[in-house]
Amino acid sequence: MSSKSTIFLEFLRFLVKQKKYWLIPIIFVLVLLAALLLFAENSVLSPFVYTLF
């Protein structure tokens, strides 16, 4: 198991233990936004994605 996945799993355990369930959707949206920006960086669709922001 890599260190990145270990940190991610530890963070999820922390959220569950501290009952911070409301943070999970926020983190999910941020990860999706980051993935969209990384995908649009080298894509033909980049002019269309940048118009969304």
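All values reported here derive from a predicted model rather than from experimental measurement. (Residues numbered from 1 in each chain as written. Predicted model: local features only at pLDDT ≥ 70, side-chain atom pairs only at ≥ 80, totals over all residues. Heavy atoms only, no water.)

1. Re the overall build of the protein
- Looking only at helices and strands, one finds three helices and zero strands in the protein.
- Expressed as a percentage of the 53 residues in the protein, the buried residues total 9%.
- Roughly 4900 Å² of accessible area belongs to the protein as shown, and the carbon and sulfur atoms make up 75% of that amount. (Helix = DSSP H or I, 4+ residues; strand = E, 2+ residues; numbered from the N terminus. Buried < 20%, exposed > 50% of the residue type's maximum accessible area, 1.4 Å probe, protein only. Areas by Shrake-Rupley, 256 points an atom, 1.4 Å probe, with all protein chains shown as cover.)

2. Some thoughts on helix α1 (residues 3-17)
- Counted at 1.5 Å a residue, the expected span for α1 with its 15 residues is 21 Å, and the 21 Å between its end C-alpha atoms agrees.
- Lys19 lies just past α1 and shows a positive phi near 55 degrees. (Expected span 1.5 Å × (residues − 1).)

3. A short note on the confidence of the model for the protein
- Per-residue confidence for the protein averages 81 on the pLDDT scale, and 85% of its residues sit at or above 70.
- Across the protein, α1 holds the top mean pLDDT of 85, while helix α3 (residues 46-50) sits lowest at 70. (pLDDT = per-residue confidence, 0-100.)

4. A short note on unusual backbone geometry
- In this structure, Lys19 takes a positive phi of about 55 degrees despite not being glycine.
- Taking the relative accessible area as the measure of exposure, Lys19 reaches 60% and is therefore exposed.

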